Amino acid sequence: MSNHLFDAFRARMPAPERLLMATDDGRSITYGDTVVRSAQLAHALSQSGVRAGDRVAVQVEKSPEAFFLYLACLRAGAIFLPLNTAYTLTELGYFFRDAEPRLVVCDPARAADIGPLAKASGAIVATLGRNGDGSLTERASQQPTDFRDLARGPDDLAAILYTSGTTGRSKGAMLSHENLASNARVLVDHWRFTTADVLIHALPIFHTHGLFVATNVILMAGASMLFETKFDPARIVSLLARATALMGVPTFYVRLLHQDGLTRQAAKNIRLFISGSAPLLAETHKAWRERTGHAILERYGMTETNMNTSNPYDGERRAGTVGFPLPGVCLRIADPNSGRPLADGEIGMIEVKGPNVFSGYWRMPEKTQAEFRDDGFFITGDLGLIDADGYVHIVGRGKDLVISGGYNIYPKEIESEIDALPGVAESAVIGIAHPDFGEGVTAIVVRAPASTITAAEIIEAIAGWVAKYKHPKRVIFVDELPRNTMGKVQKNLLRETYKDLYTSSKAS
Ligand code: MLC
Ligand code: AMP
């Protein structure tokens, strides 16, 4: 048996001297370097006791070495488990207990805090810094430059990515080698990536978008990337002349439009701008076209499924839609309650099935079962319709979810933290249109009797528990929350009342 995903990359790899990535600190890394460095890291993993099927949890800054570590995990047969760098110790503690990683890799600067936490859940700890420093790379540098990749089949797990849960605990989406390989192949063909492409990679590599959509596509095409550790709009504009493609969340495009240097001339070398992870406003699509002459290609995916739909490469890229199901992906719109398929034009639950769809949530068989129909379709939680021309539109969410700058925030998690504070009677967390982040996390809070708790005190109190991007951008105090006759908080009324919060001239 071969190593399914890594072999698929190898099969399409160009000559070893071809460039895989140029970094923002001036390094040039070839495909040959990548194979060698991932081999050395794979040895280091094995020497640390990592065996096939073991989880390797990784919370490190973006760097070429962090990317090699992903490949090393594949080659060593381990399950890569990337974690957002913004996660707090409380959040990390949950992931470690749930996933029981064999090895935890963290930034040297956080090792004193994370080390004991990881050890408490039975893991060993290694470090990897933003400059490639740390105990893991030190160990790797002593290792042989070739590695016999462990046998892994199509259904073996390549990665677990945690997604926040609508009702409490985060769920680890289990992604197999074939889930990732099939999607990368389809995207390379659909978006016409070749060895001549140079992608501007400015996304984080701990989520599906930056990790799988971007890097797997580049590897599968034998292409190269400009590997940016952070999204800096002025710098991205300066890189356009050296690149052929950009992938980003809508906030990237909104921020780039504020750059005077973004012109047709600046973008003339680019053949493809792709957006996803959150809705791209039709006005952003239009403004981008006017400024650069390019129609952004919007696609739709999620952690559990990789990419499901895409606007066409050649045909009309229709603003406000996410295009057509990708080859091999079956997509239907169904009645959210019964699962009965609905006719085109009707709004319902988006359900998908295909080789891209994950096999379930880590150690949560009931949750897995609840989110699949009997005929194998996955219930995405997104509401949509298919129009007369076959374009898929996402019109809302069946799940109570806020997407801010491409990151998902589940209100329930924040509400639980706020409600637990002395001085708070109850709260409702909602997403409100935000000019930069798409949606701004907003807390509507009812104080407990005689309480004088302030917005700043609430934010300060939750800061130790939840990652910063989940913090409410604004906290609004009210006397009571609107409820329906069943006693359920009417979030739609709150969203309507505060809809101009971030866009009106009074907004801060
Ligand atoms: C940063 N902050 C955010 C935020 N990002 N707050 C809300 N939402 C976000 N997305 C906080 C910072 O902590 C900071 O707090 C303040 O907001 C301003 O920070 P900034 O410097 O403006 O932010 P920046 O570092 O530039 O980050 C913005 C961003 C980043 C858009 C570049 O959020 C990002 O890279 N987003 C991409 C997320 C992504 O990859 N999603 C894909 C998920 S996969 P303070 O208080 O310190 O000022 C998926 C599936 C699919 O969804 O289909 O792809
Ligand atoms: P995540 O769980 O972080 O992978 O986020 C997946 C969710 O992001 C999906 O279920 C959608 O709600 C949303 N999403 C992704 N792409 C798009 C898009 N192009 N338009 C609207 N929503 C999107």
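Our subject in this report is the structure included herewith. Nothing here was measured: the structure is a model prediction, and the numbers come from that model.

Side note on the nonpolar core
The nonpolar side chains of soluble globular proteins are, as a tendency, buried together. Within the largest apolar cluster, 153 residues are counted, with the highest numbers of intra-cluster contacts made by F67, Y70, F193 and M247. In terms of nonpolar packing, the next biggest core, distinct from the first, is built from 12 residues, I430, V446, L481 and Y502 among them.

Observations regarding the site of ligand 1
Lining the immediate surroundings of ligand 1 are 24 residues, of which R255, S277, R299, S404 and K473 lie closest. Side-chain polar atom of R299 to an oxygen atom of ligand 1: 2.8 Å apart, as the coordinates give it. In the model, a nitrogen atom of ligand 1 is placed 2.9 Å from a nitrogen or oxygen of the G406 main chain. The fraction of the free accessible surface of ligand 1 (1000 Å²) that becomes covered by protein chains is 73%. Taken together, the elements giving at least two residues each to the shell around ligand 1 come down to α8 (208-221), α10 (250-256) and β13 (297-302). Among the residues making up the shell around ligand 1, the classes are represented as 10 nonpolar, nine polar and five charged.

A closer look at the sheet that holds strand β12 (residues 272-275)
In spatial order, the strands read β2-β1-β10-β9-β11-β12-β13-β14-β15; together these nine strands make up an open sheet with mixed pairing. Edge positions in the open sheet fall to β2 (28-30) and β15 (324-325), since each of these has one partner strand only. Two elements, strand β14 (residues 306-310) and β15, share two bridges in a ladder whose sense is antiparallel. By the bridge assignment, S310 is partnered in β15 with F324.

A short note on the side chain of D54
Structurally, the position occupied by D54 is in the loop between α2 (31-47) and β3 (55-59). Here D54 is buried and forms no salt bridge, its nearest opposite-charge partner R102 lying at an N-O distance of 4.3 Å. Within the local environment of D54, its side chain forms a polar contact with the backbone nitrogen of R51, the two atoms lying 2.7 Å apart. What D54 contacts, discounting residues up to four positions off in sequence, is G49, A78, I79 and R102.

A short note on the site of ligand 2
Close to ligand 2 lie 16 residues; R299, T303, D382, K399 and N408 are nearest. A distance of 2.8 Å separates an oxygen atom of ligand 2 from a polar atom in the side chain of K399. For ligand 2, an oxygen atom lies 2.8 Å from a polar atom in the side chain of N408. Across the complex, the protein chains shield 91% of the 500 Å² of accessible surface that ligand 2 would expose by itself. Those elements giving two or more residues to the shell around ligand 2 turn out to be β13 and β20 (392-397). Considering each element in turn, the shell around ligand 2 owes the most residues, five residues, to β13.

Procedures and definitions
- Residues numbered from 1 in each chain as written.
- Chains lettered and ligands numbered in written order.
- Predicted model: local features only at pLDDT ≥ 70, side-chain atom pairs only at ≥ 80, totals over all residues.
- Heavy atoms only, no water.
- Core = buried A, V, L, I, M, F, W, Y, C linked by side-chain atoms within 4.5 Å.
- Buried < 20%, exposed > 50% of the residue type's maximum accessible area, 1.4 Å probe, protein only.
- Near = heavy atom within 4 Å.
- Polar contact = N/O pair within 3.5 Å; in protein donor to acceptor, adjacent residues only side chain to side chain.
- Areas by Shrake-Rupley, 256 points an atom, 1.4 Å probe, with all protein chains shown as cover.
- Helix = DSSP H or I, 4+ residues; strand = E, 2+ residues; numbered from the N terminus.
- Nonpolar A, V, L, I, M, F, W, Y, C, P; charged D, E, K, R; others polar.
- Pairing = 2+ DSSP bridges.
- Lys, Arg positive; Asp, Glu negative; His and termini not counted.
- Salt bridge = Lys/Arg side-chain N within 4 Å of Asp/Glu carboxyl O.
- Contact = heavy atoms within 4.5 Å.

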